[in-house]
Amino acid sequence: MKVIEARQLTKRFGNFTAVDNISFEVEKGEIFGFLGANGAGKTTAMRMLCGLSKPTEGYGKVAGFDIEKQSEQVKANIGYMSQKFALYEDLKVWENLRLYGGIYGVPKKEIDPRIDAALKQLGIEDEKNTMVKALPLGWKQKLAFSTAIFHEPKIVFLDEPTGGVDPAARRQFWELIYDAADRGITIFVTTHYMDEAEYCNRVSIMVDGRIEALDSPKNLRRAFKADNMDQIFHQLARKAKRGEN
Amino acid sequence: MRQFLTFTRKEFYHIFRDRWTMIMLLAFPVIMIILFGFGITTEIQNSKIAIYDPSKDIATNNIATKLEISEYFMLEEYLDTPDQIETKFKEGKVGMVVVFGERFYENLLHTGEAKVLLIADGTDPNTASTLTTYASRIIMMYQQELLGIEKLPYSIHTEVKLLYNPTMKSAYNIVPGVMGMVLILICALMTSVSIAREKELGTMEVILVSPMPPLLIVLSKVVPYFVISLINFTNVLLIAVFLLGVPVNGNLFSLYFVSIIFIFVSLALGLLISSVTDKQLVALLMSAMGLMMPVVMLSGLMFPIENMPIVLRGIAQIIPAKWYIEAIRNIMIKGLGLKDIIPELSVLSLMAVVLIAASLKKFKIRLE
């Protein structure tokens, strides 16, 4: 079953074409890596899929809803985690979870059990009443992921979720991602760590607003005759005409 | 509705958990009104004066006594030589020195002309001119008494009556002004900073991706500051009445009604500012410079608008606080009703509608 469908999606800002005619599909429960250099158009594409920005041309469906005409339903069925781990630092751990539960309309009597379950999964039951600002960065990151999937969305969009976190914490984080994927949550993740790209079921690589490659890491390595994703990425990124940003 | 309540509760947490926000929101208005009400005052009471009197006759003694028994002055000392005058000022001991001419009474009787010199400390021009005015008045009164004794056929008695503020209390003027300032500060500054903060931290983006409608986001951000503004208004009003002795001559309901409209205007200004910037610091500076300064300088709080150059007088007309302060003065001090402040009410309402529409539109545009 396809949960994300993009058909010739294009976004222009004046004369600048940020996203240029991209098409792809993502299956349910898949971990889809969305790669590209800074300024390649990743964030703009993701904003369109999240219903934050309207496509100039083209068509997209997320969780079975039209991203342009049914953006409210799209929003209700997705989770989103930004690279800033946007938690409220002056709220306690459980209050952050309750807040997003309330905003996404999680039934009241389910909120407490879900908070306990989420904290247990993260192994931070003792930190339930801790202010978020007192948590180490790696924990914040995991907590941000838990809040993003607190309402059991069909798809979760992760925008460079592992920025600035050490490798050990990144590995733990990917365990959470696998766990969510096993439960049937589709993962749409942007990253610039190429070792993480290897963890994805399929990856797409954007260059100058276009998708230049899209396949499983294994098939891509074969097609590009490369040892790892890093080499493929550099081969493609070298073609880029746009500067950084 | 639950989204709204959850989000508003979060907003209150932000406020209550940050000590500086709390101080800013609740203590600051109280400090303002007390400072302005007591500290910054143009009233003169018991000002210390010195007298140099080479005549020491019945007339000068009389005038000196009159000065001393008035509530404005307190006689510090008699000077022996004119040289002491400057020393006294330099020491800062006296605010004014009264210098009588020689053979004061004799001259007055025979030539019909006697001289008295009032020297005041001009480094504080307002106080100096008030002191000399009061002293001249007292001397004039003595002169009139003399005239009465001499039974001259004509005399003109000048009496001054100040309406609404008979004792010339500056608090009457300051209180409405501080109300305008406090409301602008709380509503516009705090709202714009709190929205800019969410943008800076990235939480706004996450909230925008959620199914929460933009209008609801704006409302939940604004409601806590609306509530706190009303609390603050009440605080300032209580202090004004019970501590500063400013009466509420008009209708209390009208006071709140005008204030609520002004709060809407201020909140919309805060929203507008936050839609222009993503940085807390910029929002803070814009609110402080763009809103606070004009309110202090041009709303009539400090300087009378009538005395301003034509350009500034024009600018003053578009400052919401100017209309609000005028309306509050009319209701509170003059005791007028809502129908007497229709012009102010209309201008404020129009501003509120335009600003709210503009800020909501801006907020939506940002979402595309």
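The shown structure was predicted, so the numbers you read here are calculated from the model rather than taken from an experiment. (Residues numbered from 1 in each chain as written. Chains lettered and ligands numbered in written order. Predicted model: local features only at pLDDT ≥ 70, side-chain atom pairs only at ≥ 80, totals over all residues.)

Caption draft 1: Region of interest: the overall build of chain B. Summing up its helical and strand segments, chain B has 14 helices and four strands in all. A compact globule built from 368 residues would reach a C-alpha radius of gyration of about 21 Å, whereas chain B, at 28 Å, exceeds it by more than 25%. With the principal axes as the frame, chain B shows a C-alpha extent of 95 × 45 × 40 Å. Across the 368 residues that make up chain B, the buried fraction comes to 36%. Excluding contacts between residues fewer than 6 apart, the proportion of contacts in chain B whose partners are at least 24 apart in sequence is 77%. (Helix = DSSP H or I, 4+ residues; strand = E, 2+ residues; numbered from the N terminus. Rg over C-alpha atoms; globule rule 2.2 N^0.38 Å. Buried ≥ 20, exposed ≤ 12 C-beta atoms within 10 Å, placed from the backbone. Contact = placed C-beta atoms within 7 Å.)

Caption draft 2: Representation of the packing of helix α3 (residues 93-103) of chain A against helix α5 (residues 137-148) of chain A within the structure. All names here are of chain A. At a minimum axis distance of 9 Å, the contact between α3 and α5 shows a crossing angle of 25°. Taken together, the axis directions place α3 and α5 in an arrangement best described as roughly parallel. The element α3 and its partner α5 pack so that their crossing is right-handed. Across the interface between the two elements, V93, N96, L97 and Y100 from α3 touch L143, S146 and T147 from α5. Residues belonging to the contact of α3 with α5 are distributed by class as follows: four nonpolar, three polar and no charged. (Axes fitted to C-alpha atoms, helices over the stretch in contact; angles between N-to-C directions. Parallel < 35°, antiparallel > 145°, perpendicular 65-115°, else oblique. Left-handed = near helix turned anticlockwise from the far one by under 90°. Nonpolar A, V, L, I, M, F, W, Y, C, P; charged D, E, K, R; others polar.)

Caption draft 3: Inspection of the interface of chain A and chain B at higher detail. Taken together, the contact pairs 19 residues of chain A with 21 residues of chain B. Mapped by element, the contributors of at least two residues to the side of chain A that touches chain B are α2 (71-76) and α3 of chain A. Counted by class, the side of chain A that touches chain B contains 10 nonpolar, four polar and five charged residues.

Caption draft 4: Focus on the sheet that holds strand β1 (residues 2-13) of chain A. Residues and elements named next belong to chain A. If you trace the four strands from one edge of the open sheet to the other, you get β2-β1-β4-β5, paired in antiparallel fashion. Strand pairing shows two members of the sheet lacking a second neighbour, β2 (16-27) and β5 (65-66), which therefore form its edges. Across two bridges, strand β4 (residues 57-62) lies against β5 in antiparallel orientation. Each bridged residue has a counterpart across the sheet, and for K61 the counterpart in β5 is D66. Where helix α1 (residues 42-49) meets the sheet, its contacts fall on β1, β2 and β4, and the angle it forms with β1 comes to roughly 120°. (Pairing = 2+ DSSP bridges.)

Caption draft 5: A look at unusual backbone geometry. For E160 of chain A, which is not glycine, the phi dihedral falls at a positive 40°. Note on placement: E160 of chain A falls in the loop between β7 (155-159) and α6 (167-182). Of the residues examined, E160 of chain A has 20 C-beta atoms within 10 Å and is grouped as buried. Here the phi dihedral of K56 of chain B falls at roughly 50°; this positive angle occurs in a residue that is not glycine. Looking at where K56 of chain B falls in the secondary structure, it is placed in the loop between β1 (47-52) and α3 (58-69).

Caption draft 6: Structural detail: the packing of α5 of chain A against α6 of chain A. Residue and element names in this part refer to chain A. Contact geometry of α5 with α6 gives a least axis separation of 10 Å together with a crossing angle of 15°. In terms of axis orientation, α5 runs roughly parallel to α6. Crossing hand, α5 versus α6: right-handed. Note on element contacts: α6 touches α5 through A169, F173 and L176, opposite G138, Q141, K142 and F145.

Caption draft 7: Geometry of the domain arrangement of chain B. Here the domain parsing of chain B yields domain 1 (2-40 + 170-367) and domain 2 (47-150). Its C-alpha centre places domain 1 of chain B at a distance of 48 Å from the equivalent point of domain 2 of chain B. (Domains from an automatic or database assignment.)

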